[in-house]
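# Results of the structural survey
Below, each chain spelled out in residue letters.
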Amino acid sequence: MIKEGGLESKGEKLLQDLVSHERELVAKVEEAQDQAAAILAEAGAEVEAIMTGAHEEAEAAAKAQEERTRLEAEGIREEILKTARTEVSRIEAQAKANRDEAVRGVVERVLP
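Computed from a prediction, not measured in an experiment: that's the story for all the values here.

What counts, and where the lines are drawn
- Residues numbered from 1 in each chain as written.
- Predicted model: local features only at pLDDT ≥ 70, side-chain atom pairs only at ≥ 80, totals over all residues.
- Heavy atoms only, no water.
- Helix = DSSP H or I, 4+ residues; strand = E, 2+ residues; numbered from the N terminus.
- Rg over C-alpha atoms; globule rule 2.2 N^0.38 Å.
- Buried < 20%, exposed > 50% of the residue type's maximum accessible area, 1.4 Å probe, protein only.
- Areas by Shrake-Rupley, 256 points an atom, 1.4 Å probe, with all protein chains shown as cover.
- Lys, Arg positive; Asp, Glu negative; His and termini not counted.
- Charge placed at Lys NZ, Arg CZ, Asp CG, Glu CD.
- Patch = residues over 30% accessible without salt bridge, like charges linked within 9 Å, V, L, I, M, F, W, Y side chains within 5 Å.
- Salt bridge = Lys/Arg side-chain N within 4 Å of Asp/Glu carboxyl O.

## So, the overall build of the protein chain
Of the regular secondary structure elements, the protein chain holds 1 helix and 0 strands. In terms of overall dimensions, the protein chain is more spread out than a globule: its C-alpha atoms have a radius of gyration of 47 Å, far above the 13 Å expected for 112 residues. In terms of principal-axis extent, the alpha carbons of the protein chain reach across some 160 × 15 × 10 Å. By residue count, 0% of the 112 residues in the protein chain fall in the buried class. Roughly 10300 Å² of accessible area belongs to the protein chain as shown, and the carbon and sulfur atoms make up 62% of that amount. Here the protein chain contributes 16 positive and 26 negative side-chain charges, whose respective centroids are spaced 13 Å apart.

## Regarding a nonpolar patch on the surface
Taken together, Val103, Val106, Val107, Val110 and Leu111 make up a surface patch of nonpolar side chains, about 460 Å² in accessible area. Tracing the sequence through the fold places Val106 in helix H1 (residues 2-110).

## Remarks on the environment of Ala61
Relative to the assigned elements, Ala61 resides in helix H1. Here the alpha-carbon distance between Ala61 and Arg85, two residues 24 residues apart in the chain, equals 36 Å.

## A word on the pattern of salt bridges
Enumeration according to the criterion identifies 7 salt bridges in this entry. A salt bridge links Glu87 to Arg90, with the shortest nitrogen-to-oxygen separation between them at 2.5 Å. Pair noted here: Glu87 and Arg90 are both in helix H1, with a separation of 3 residues, about one helical turn. A residue is classified by how much of its surface remains accessible, and Glu87, at 35% relative accessible area, is partly exposed. Judged by relative accessible area, Arg90 falls into the partly exposed class, the value being 48%. In this structure, Arg104 and Glu101 form a salt bridge, with 3.0 Å as the shortest nitrogen-oxygen distance. Within this pair, Arg104 and its partner Glu101 are both found in helix H1, separated by 3 residues, close to a single helical turn. Given a relative accessible area of 45%, Arg104 falls into the partly exposed group.

Pasting the structure below:
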């Protein structure tokens, strides 16, 4: 009977060791889950920061492109206006010359 008690004692000790080991494993799993949650939270914050930075860079690039386009359009507009003014001056000069020529022609016919 002593042997039975010894076996029971060893069995109980083994069972306690298994339970203790299982508790340790559960604790390690919970710790790993907590670490994983913390890593995910940190990664989420990094993603948010990257997205915010990318959005700000995109806005800045869009504004810069908009400004370049505005300046280019303004330059084209000024060039068109310059060309138009030059053409208007040329046409006015031609009209004046034609008018002066017409007046001379009328004066020569009226006053022989």
